[in-house]
Amino acid sequence: MKHIRIITSLIAVFVATLMIHAENGMNSPYTRYGFGQLSTMELGANKGMGGVGIGLHNSNQINLLNPASYAAVDTLTFLLDIGMSLHNTNFAEGGVKMNARNTTFDYLAMQFRLMPKLGMTIGMTPFSNIGYNFSNSQTIRDDEDGEVITTNRYHGSGGLRQVTAGLGWAPFKGLAVGANLSYLYGEIYHYIYNQYTGAEVDTYTKQYQADITTYKVDFGAQYLTTFGKNKLVLGATYQLGHTIDDNGYIINATSTSVNASYDTLQVTTFSIPASIGLGLSYTYDDRLTLAADYSMQQYSTANFFGYRGTDYHRASLGFEYIPERITRKLFRRARYRAGLHYATSHYLIGAHRGPTEYGVSIGIGLPIMNGWNAKSIVNISGQAVHVRPNVPGMITENYLRLSIGLSFNESWFDKWKVQ
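Computed from a predicted model, the values in this text were never measured in an experiment.

### Things to note about the overall build of the chain
When you go through the chain residue by residue, the secondary structure sums to three helices and 23 strands. Across the 419 residues of the chain, 51% fall into the buried class. Of the contacts made within the chain by residues no fewer than 6 positions apart, 65% connect residues no fewer than 24 positions apart. For the chain, the accessible surface area stands at approximately 20,300 Å², while carbon and sulfur atoms represent 59% of it.

### Here's the deal with the side chain of Asn66
Positionally, Asn66 belongs in the loop between helix H2 (44–48) and strand E2 (78–93). Accessibility expressed as a relative area gives 0% for Asn66, which makes it buried. Of the polar contacts made by the side chain of Asn66, one reaches the backbone nitrogen of Ala68; its length is 3.0 Å. When near neighbours in sequence (up to four residues on either side) are disregarded, Asn66 contacts Gly53, Ile54, Gly220, Ala221, Gln222, Gly235, Ala236 and Thr237.

### What to know about a nonpolar patch on the surface
A cluster of nonpolar side chains, Leu86, Ile380, Leu402 and Ile404, forms an exposed patch at the surface whose accessible area comes to about 290 Å². Along the chain, Ile380 falls in strand E22 (residues 377–388).

### A word on the packing of aromatic side chains
Enumeration according to the criterion identifies 13 aromatic pairs in this entry. For the pair Tyr208 and Phe305, a centre-to-centre distance of 5.2 Å together with 70 degrees between the ring planes defines the contact as edge-to-face. Of the two residues, Tyr208 is situated in strand E7 (residues 203–227) and Phe305 in the loop between strand E15 (303–304) and strand E16 (307–308); the sequence distance between them amounts to 97 residues. On the accessibility criterion, Tyr208 (10% relative accessible area) is buried. Using a relative accessible area of 7% as the deciding quantity, one classes Phe305 as buried. In this structure an aromatic cluster arises from ring pairing among Phe35, Phe127, Tyr299 and Phe304. Residue placement shows Arg401 over the ring face of Tyr399; its charged tip is 4.9 Å from the ring centre.

### Side note on the environment of Arg287
Tracing the backbone shows Arg287 in the loop between strand E13 (275–284) and strand E14 (288–297). For Arg287, a relative accessible area of 21% translates into the label partly exposed. For the pair Arg287 and Glu320, spaced 33 residues apart in the sequence, the C-alpha separation amounts to 7.6 Å. Apart from the residues lying within four places of it in its own chain, the contact partners of Arg287 are Glu320, Tyr321, Ile322, Pro323 and Arg325.

### A closer look at unusual backbone geometry
Even without glycine at this site, Lys117 takes up a positive phi of about 75 degrees. Taking the relative accessible area as the measure of exposure, Lys117 reaches 45% and is therefore partly exposed.

### Side note on the side chain of Gln239
By secondary structure assignment, the location of Gln239 is in strand E8 (residues 230–239). Relative accessible area serves as the criterion here: at 7%, Gln239 is assigned to the buried category. At 2.7 Å, the side chain of Gln239 forms a polar contact with the backbone oxygen of Pro273. Ignoring anything within four residues of it in the chain, the contact list for Gln239 reads Lys216, Val217, Asp218, Ile272, Pro273, Ala274 and Ser275.

### Observations concerning the nonpolar core
One finds Phe35, Phe127, Ile212, Phe270, Tyr299 and Phe305 to be the most contacted residues of the largest nonpolar core, which totals 23 residues. If you list the elements that add at least two residues to this core, you get strand E4 (118–143), strand E5 (146–172), strand E6 (175–197) and E7. Other than its neighbours up to four places away in sequence, Phe127 contacts Phe35, Gln37, Leu38, Ser39, Leu160, Arg161, Gln162, Leu184, Lys216, Ile272 and Tyr299.

### Considering the environment of Phe78
In this fold, Phe78 is placed in strand E2. Along the primary structure Phe78 and Arg113 are separated by 35 residues, whereas in three dimensions their C-alpha atoms are 7.7 Å apart.

### Some points on the pattern of salt bridges
Within this structure, the stated rule accounts for eight salt bridges. A salt bridge links Arg314 to Glu42, with the nearest nitrogen and oxygen atoms 3.0 Å apart. Of the two residues, Arg314 sits in strand E17 (residues 312–321) while Glu42 sits in the loop between strand E1 (37–38) and H2, which places them 272 residues apart along the sequence. Note on Arg314: relative accessible area 10%, which makes it buried. Accessibility expressed as a relative area gives 11% for Glu42, which makes it buried. Three or more residues are tied together by salt bridges with common partners; here these are Glu320, Arg335 and Arg337.

### Some points on the environment of Ile368
Along the chain, the position of Ile368 falls in the loop between strand E21 (356–367) and E22. Along the backbone, Ile368 and Ala334 are 34 residues apart, and their C-alpha atoms lie at a distance of 9.8 Å.

### Examining the pairing of strand E18 (residues 335–343)
Relative to E18, E17 is paired through eight bridges, and the arrangement is antiparallel. Note on E18: the bridge partner recorded for Arg314 is Ala343. Two elements, E18 and E21, share nine bridges in a ladder whose sense is antiparallel. What sits directly across from Gly339, in E21, is Ser361.

Analysis parameters
- Residues numbered from 1 in each chain as written.
- Predicted model: local features only at pLDDT ≥ 70, side-chain atom pairs only at ≥ 80, totals over all residues.
- Heavy atoms only, no water.
- Helix = DSSP H or I, 4+ residues; strand = E, 2+ residues; numbered from the N terminus.
- Buried < 20%, exposed > 50% of the residue type's maximum accessible area, 1.4 Å probe, protein only.
- Contact = heavy atoms within 4.5 Å.
- Areas by Shrake-Rupley, 256 points an atom, 1.4 Å probe, with all protein chains shown as cover.
- Polar contact = N/O pair within 3.5 Å; in protein donor to acceptor, adjacent residues only side chain to side chain.
- Patch = residues over 30% accessible without salt bridge, like charges linked within 9 Å, V, L, I, M, F, W, Y side chains within 5 Å.
- Salt bridge = Lys/Arg side-chain N within 4 Å of Asp/Glu carboxyl O.
- Phe/Tyr/Trp six-rings, centres within 6.5 Å; stacked < 30°, edge-to-face > 60°.
- Lys NZ or Arg CZ within 6 Å of the ring centre and 35° of its normal.
- Core = buried A, V, L, I, M, F, W, Y, C linked by side-chain atoms within 4.5 Å.
- Pairing = 2+ DSSP bridges.

So, in C-alpha cells, the structure goes:
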C-alpha cells in the first residue's frame with residue numbers, strides 16, 4: 001500500500017501543476033497565429049529521442065504517438081506516466097534580446113491491458129498553447145502643435161487541451177492496430193490595442209475570441225518482424241479532419257473621451273486538419289533502438305478567424321541505448337537517448353510561411369531500483385530549439401527546455417497465493 005500512496009500523492013501534485021500553469025505555459029509572439037504553438041503527444045521517453053514514436057512498440061512505456069503500440073502492454077502491468085517542463089526562452093530582434101521563463105504541465109497518462117492482445121490508454125496532454133504580451137510605439141508627428149505617439153499593444157492567452165482514451169489490439173502475430181478518441185476543449189483570446197497620445201484621436205481595440213469544444217480521432221497501425229536479436233517495426237497513423245461547430249467572434253471597438261462603439265462579427269472558420277504519419281524503428285538485442293518519424297497535418301484546408309493556414313510538416317530522428325538490461329549498477333542499466341527534429345509552421349504571416357523550427361535533444365532514463373520496484377523510470381531530457389523566421393526583421397526564438405517525467409511500471413494485477 002505504501003507505493004500506492006506515493007503514486008496517488010504524485011498524481012495530485014501534477015494535477016495541481018496543471019491547474020496553476022495551464023494558462024501561462026507560453027511566452028511567444030508567434031502564438032498569436034493559428035491555434036498557437038502546437039504540442040505533440042510526446043511523453044518522457046519520446047522527448048529524449050527527438051519526438052519519435054510512430055514506429056516504437058514497447059511493453060514498458062506508454063507511447064501516445066501511435067495507438068497501435070498500446071497492444072504491447074504486458075498482461076499484469078499497470079503503467080502511469082506524468083511529466084512537466086521548465087522553459088527558458090531567448091528572443092532576439094534587431095540586436096535587442098530578452099529572456100522569459102515558464103513552466104508547463106506536459107502530460108498525465110496511464111495504460112493497462114483489458115484482455116490478451118488488447119491494451120487501453122487514458123491520457124491528458126496539451127494540444128496548443130497561446131501566450132504573449134508585447135507592444136511597439138512610433139512617433140507620427142512632432143511639431144509646434146505637439147507630439148503624437150501611436151502605440152500598438154498585442155496580448156493573447158489560452159490554448160486547447162485534450163483528454164484521450166485509446167485502444168490497441170494485436171489481431172495477428174506481427175500486426176497491431178489502434179485508435180484514439182480525444183476530447184478537445186479550451187479558449188482562444190487575442191487583443192490588439194491601438195492608442196494615441198498628445199492628440200484627440202480615437203482609440204481602436206480589436207478582440208478575437210473563441211470557446212472551443214470538439215473531438216479528434218486518430219488511427220494507427222504497426223507491423224513487427226524479428227530475426228535473431230533484431231526487431232523491425234513499421235508504423236503509420238491517420239487523423240480524421242473535420243470542421244469545428246463552435247463559433248468565434250471578432251469584436252471591433254472605437255472609443256473616445258465621450259463615447260464608445262462596438263461591432264461584433266461572428267466567424268465559423270475553425271477545423272481539425274486531416275494528417276498522416278509514418279515511422280520506422282530498428283532494435284538490436286533490446287538494447288539499441290534507432291527510429292525515424294515523418295508527419296504532415298493539412299492545415300492548408302483550415303482557417304483561423306478567416307485567415308488561411310498552411311500544411312505542417314515534422315521530421316524526427318532518435319536513438320536509445322541501454323548498456324545492460326539486467327544489472328544492479330544504476331548507470332549501466334540507464335537508458336541513454338538523443339534525437340533531433342525539424343518542423344514547419346501551420347500558419348501564414350501575411351503571404352509568408354511562419355518560422356521554421358530546428359531542435360536537438362538528449363535524455364536519460366534512470367531506473368528506480370529498490371525492494372518493491374525495479375521497472376519504474378525517471379525520465380530527464382533537455383531540448384535546445386531554434387525558431388528561425390522566414391521573413392527578415394522578425395523575431396528569432398531560442399528555447400532551452402528541461403523535461404522531467406516519472407514512468408511507473410507496476411504489477412497491480414497479481415493474484416496473491418496463500419500457502
